2 protein chains.
Amino acid sequence: MSKKKPVIIIDAMGGDFAPGITVDGTCQMAAESNAHFIMVGDEAKIKAELEKHTHNKDQFSIVHTDEEITMEDSPRKAIREKKNASVLLAARMLKEGKGDAMVSAGSTAAVILAASLYIKRIPGVKRAAIGTIFPTLKEDRKASLYSVIMDVGANINNTPDDLVHYAYMGKTYLEEVFDFDNPSIALLNIGAEEHKGNDTMKAAYKILKSRADLNFIGNIEGNDITNGKSDVIVSEGMLGNVAMKSVEGAGESVKRLAEIAMKGKLVWKLGLLLLSGGIKKLMKVASYEEYGGAPIFGFDKLVVKNHGRCNAYAYKNGLRTALKAVEMNMIGFMRDSISKFESDKEKGTTQES
Amino acid sequence: MSKKKPVIIIDAMGGDFAPGITVDGTCQMAAESNAHFIMVGDEAKIKAELEKHTHNKDQFSIVHTDEEITMEDSPRKAIREKKNASVLLAARMLKEGKGDAMVSAGSTAAVILAASLYIKRIPGVKRAAIGTIFPTLKEDRKASLYSVIMDVGANINNTPDDLVHYAYMGKTYLEEVFDFDNPSIALLNIGAEEHKGNDTMKAAYKILKSRADLNFIGNIEGNDITNGKSDVIVSEGMLGNVAMKSVEGAGESVKRLAEIAMKGKLVWKLGLLLLSGGIKKLMKVASYEEYGGAPIFGFDKLVVKNHGRCNAYAYKNGLRTALKAVEMNMIGFMRDSISKFESDKEKGTTQES
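The model shown is predicted, which means the values in this text are computed figures rather than measured ones. (Residues numbered from 1 in each chain as written. Chains lettered and ligands numbered in written order. Predicted model: local features only at pLDDT ≥ 70, side-chain atom pairs only at ≥ 80, totals over all residues. Heavy atoms only, no water.)

1. A word on the overall build of chain A
A tally of helices and strands in chain A yields 11 helices and 11 strands. By the burial criterion, 55% of the 353 residues in chain A qualify as buried. As displayed, chain A offers around 15400 Å² of accessible surface, 52% of which is attributable to carbon and sulfur atoms. (Helix = DSSP H or I, 4+ residues; strand = E, 2+ residues; numbered from the N terminus. Buried < 20%, exposed > 50% of the residue type's maximum accessible area, 1.4 Å probe, protein only. Areas by Shrake-Rupley, 256 points an atom, 1.4 Å probe, with all protein chains shown as cover.)

Structure, rendered in structure tokens:
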């Protein structure tokens, strides 16, 4: 490991509760690491927040800007009109090598646009992806509970090569940040058989199967998402988006069902009360706060998106993801594996898409 | 209402537990109606099963064939090689006007292939659809619990017009079979705004919005499926398939979570036990047995697909769907509304797709 201290550029004004939460979460992470944090945003506001928390001043610097993109702004318009908005300034600083990663809890569209404007993509990669980590019920109880699905909404159209790139990026993410050993990879489809799905899926299946460095287990269907049959789920953006949101909606409906049951009878109420300890324990596993934040995949420098409504604890965990990815050189490994794939493709030693 | 007795053609050999379950379920429905049932299949086996149940002989006739398509057969191959398989014979009889509807619990692929071979589509309709009824948690507690989503897997590609046809067919299904009054209709998409999604979705949105005879409420996302925001969910086949299966998988995972919790602690076990009355009641609402069977949408004659593993009670409920649809002239209303849409399109009084 390099002894060089990691430097994280923080879009301090991004997110629903910024800069309060962003500063609080960063102070929490600073206390557990030797990293340096460049806080980009309104200096007076950031200073006022910093004063509320014990922190080592050497770990922080502030780059002032009084422009910010709010949730009310149209991201496309704001990016043209607010050149010094904190998210854009952070992305420019990342481009200029002033830090190892940038972290923002701003709107996903704004973060992707800012990154697209200043950061190159990993050579070969045409489309960025949003990957979502979610807890699953894996058969092997000793296995990590998590899986990652990508893309869940950055794209509405994908080529077979995009999906192969997602496989390599998802694999590297789980290996470097979550310590998985050779994670399994599956393609989200409408049937298990190789010939199922549209032309993109059929072609992607063939390429994925031909790659010896991918632990490809074939197609999975929607009902295999939450049981953790696969560690990485590669998906066209539109399908991944609808799948993840459907799971989310079903979870909310179960919660509401329980509330309705609770209103029904005293005996049910008592039952729910007795269960609540167990439910809380399970909910903790399922909580995004535990793994808050996820890279936007495909850029040649590390861009981490934290949840817009996250609390300080979740923000800290998002920073932990960023630090781990920097420490493990995640982007470098992604670049290497995709470069190998692209070069094999040129040499004709892999399936053509 | 016509006084003519409805005649239902039954693929008596279709389904995992045929002809035992198919005959049992038909006898149950016969006892509650004045319909006539033509049982297509192995005469000796059907007779042996009929003898096990009290039934009015006048309501039954048998058309013998000793060929059947089993779950082990490739449907495409079987359809070429077993011209007298019960499902094909039933479809031919429906074509020839020997009954008002056919019902089969055979494999979905076999039923769709059989219907495609002999039954014309509703004029204008290019692609058949599979619609799935599912229970939801609607805000208005007096509203029907059910919604229908279509297509959930008959197609991987759709045109905007297909989606509009699905809207009309879903609306008519809920109105005529489930007594809905002007059901709401939404398009499954990756965002609520009109401009979201692929070109098919954008074009379908415009047409749906322009139709005064559709109660179109706009786009919904995956998380709105189970909360019943819309009565009819119109969806491209691949998205609908993944969405429904994701919800199904999430439901199974919740059940498994509860089982894991149950193993944990005696106090949780007691809690689950106390809750079980409420859970059972809720599960009954969610059970497919209550509304077993669904039309394959798009054919100009009524083809109802019952669940392959259904029990006699669910089979009976599938027959009830068929009888209600015949009685209400569901196919006729679908034909009329689609014909009106197609004619408006020709006259240029609706959005072009």
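2. Description of the pattern of salt bridges
The full count for this structure, using the stated rule, is 40 salt bridges over all chains. Residues R211 of chain A and D213 of chain A are paired through a salt bridge, measuring 3.7 Å at the closest nitrogen-oxygen approach. Taking the relative accessible area as the measure of exposure, R211 of chain A reaches 6% and is therefore buried. Residue D213 of chain A is classed as partly exposed on the basis of its relative accessible area of 28%. In this structure, K345 of chain B engages D161 of chain B in a salt bridge whose closest nitrogen and oxygen atoms are separated by 2.3 Å. (Salt bridge = Lys/Arg side-chain N within 4 Å of Asp/Glu carboxyl O.)

3. Details of the nonpolar core
Core analysis: the biggest nonpolar cluster contains 210 residues, and F37 of chain A together with F37 and Y173 of chain B have the highest contact counts within it. Ranked by the residues each element gives to this core, the list is headed by helix α6 (residues 160-178) of chain B, at 10 residues. For F37 of chain A, the residues in contact, after removing those within four places along its chain, are I8, I10, T26, M29, A30, Q59, F60, S61, L319 and L323 of chain A. (Core = buried A, V, L, I, M, F, W, Y, C linked by side-chain atoms within 4.5 Å. Contact = heavy atoms within 4.5 Å.)

4. Some details on the packing of helix α6 (residues 160-178) of chain A against helix α10 (residues 312-327) of chain A
Residues and elements named next belong to chain A. Running from N to C, α6 and α10 cross one another at 100°; their axes reach a closest spacing of 9 Å. In terms of orientation, α6 lies roughly perpendicular with respect to α10. Only T321, K324 and A325 of α10 make contact with α6, whose side of the interface consists of Y173, E176 and V177. Per-class residue counts for the contact of α6 with α10 are 3 nonpolar, 1 polar and 2 charged. (Axes fitted to C-alpha atoms, helices over the stretch in contact; angles between N-to-C directions. Parallel < 35°, antiparallel > 145°, perpendicular 65-115°, else oblique. Nonpolar A, V, L, I, M, F, W, Y, C, P; charged D, E, K, R; others polar.)

5. Some words on the pairing of strand β11 (residues 302-305) of chain B
Residues and elements named next belong to chain B. Residues L302 and V304 line one face of β11 and the alternating positions V303 and K305 line the opposite face, and both faces are buried. Relative to β11, strand β4 (residues 101-104) runs parallel, the two being bridged by 4 bridges. Each residue of the ladder has a partner; that of M102, found in β11, is V303. One ladder, built from 2 bridges, connects strand β10 (residues 294-297) with β11; its direction is antiparallel. Across the sheet, A294 pairs through a bridge with K305, a residue of β11. The antiparallel pairing of β10 with β11 creates a hairpin that spans 4 residues between the two strands, and G298 there sits at a positive phi of about 120°. (Pairing = 2+ DSSP bridges.)

6. Remarks on the sheet that holds strand β4 (residues 101-104) of chain A
Residues and elements named next belong to chain A. Spatial ordering of the open sheet is given by β3-β2-β1-β4-β11-β10-β5-β6-β9-β7-β8, a layout of 11 strands whose pairing is mixed. Each having just a single partner strand, β3 (60-64) and β8 (215-220) make up the two edges of the open sheet. The mean angle between the axes of side-by-side strands here comes to 25°, regardless of whether they run parallel or antiparallel. Examined bridge by bridge, strand β1 (residues 7-11) and strand β2 (residues 36-41) share 5 bridges and lie parallel to one another. Its bridge partner being in β2, D11 is matched across the sheet by V40.

7. Quick look at α6 of chain B
Compared with an ideal rise of 1.5 Å per residue, which puts 19 residues at 27 Å, α6 of chain B spans 26 Å between its outermost C-alpha atoms and is within 8% of the ideal. Buried residues dominate α6 of chain B, accounting for 18 of its 19 residues. (Expected span 1.5 Å × (residues − 1).)

8. Section: the packing of aromatic side chains
The geometry of an aromatic ring pair is captured by the separation of the ring centres together with the interplanar angle, meaning the angle of the planes. The final tally for this structure, using the stated rule, is 12 aromatic pairs over all chains. Here the aromatic rings of Y205 of chain A and F216 of chain A are separated by 5.2 Å at their centres, their planes lie at 80°, and the arrangement is edge-to-face. Placement of Y205 of chain A in helix α7 (residues 199-210) and of F216 of chain A in strand β8 is noted, with a sequence separation of 11 residues between them. Overall, F216 of chain A belongs to the buried group, its relative accessible area being 16%. Taking 6.0 Å as the distance between ring centres and 55° as the angle between the ring planes, the aromatic pair formed by Y146 of chain B and F178 of chain B counts as tilted. A residue pair is termed long-range when its members are at least 10 positions apart, and Y146 of chain B in strand β6 (residues 146-150) and F178 of chain B in helix α6 qualify at 32 residues. Each member of the pair, Y146 of chain B as well as F178 of chain B, carries the same accessibility label: buried. The structure contains a cluster of three or more aromatic residues connected by ring pairs, namely Y146, Y173, F178 and F297 of chain A. (Phe/Tyr/Trp six-rings, centres within 6.5 Å; stacked < 30°, edge-to-face > 60°.)

9. Description of empty space enclosed by the protein
Residues and elements named next belong to chain B. Within this structure, the stated rule accounts for 4 cavities of 30 Å³ or more. Volume-wise, the largest cavity comes out at about 50 Å³. Lining the largest cavity are D11, M13, G14, E68, I69, S86, V87, G106, S107 and A110. Here the lining of the largest cavity is composed, by residue class, of 4 nonpolar, 4 polar and 2 charged. (1 Å grid on protein atoms, 1.4 Å probe; cavity = no way out; pocket = protein on both sides within 12 Å on 5 of 7 lines; lining within 4 Å. Points joined across faces, edges and corners; volume = space filled by probe spheres on them.)

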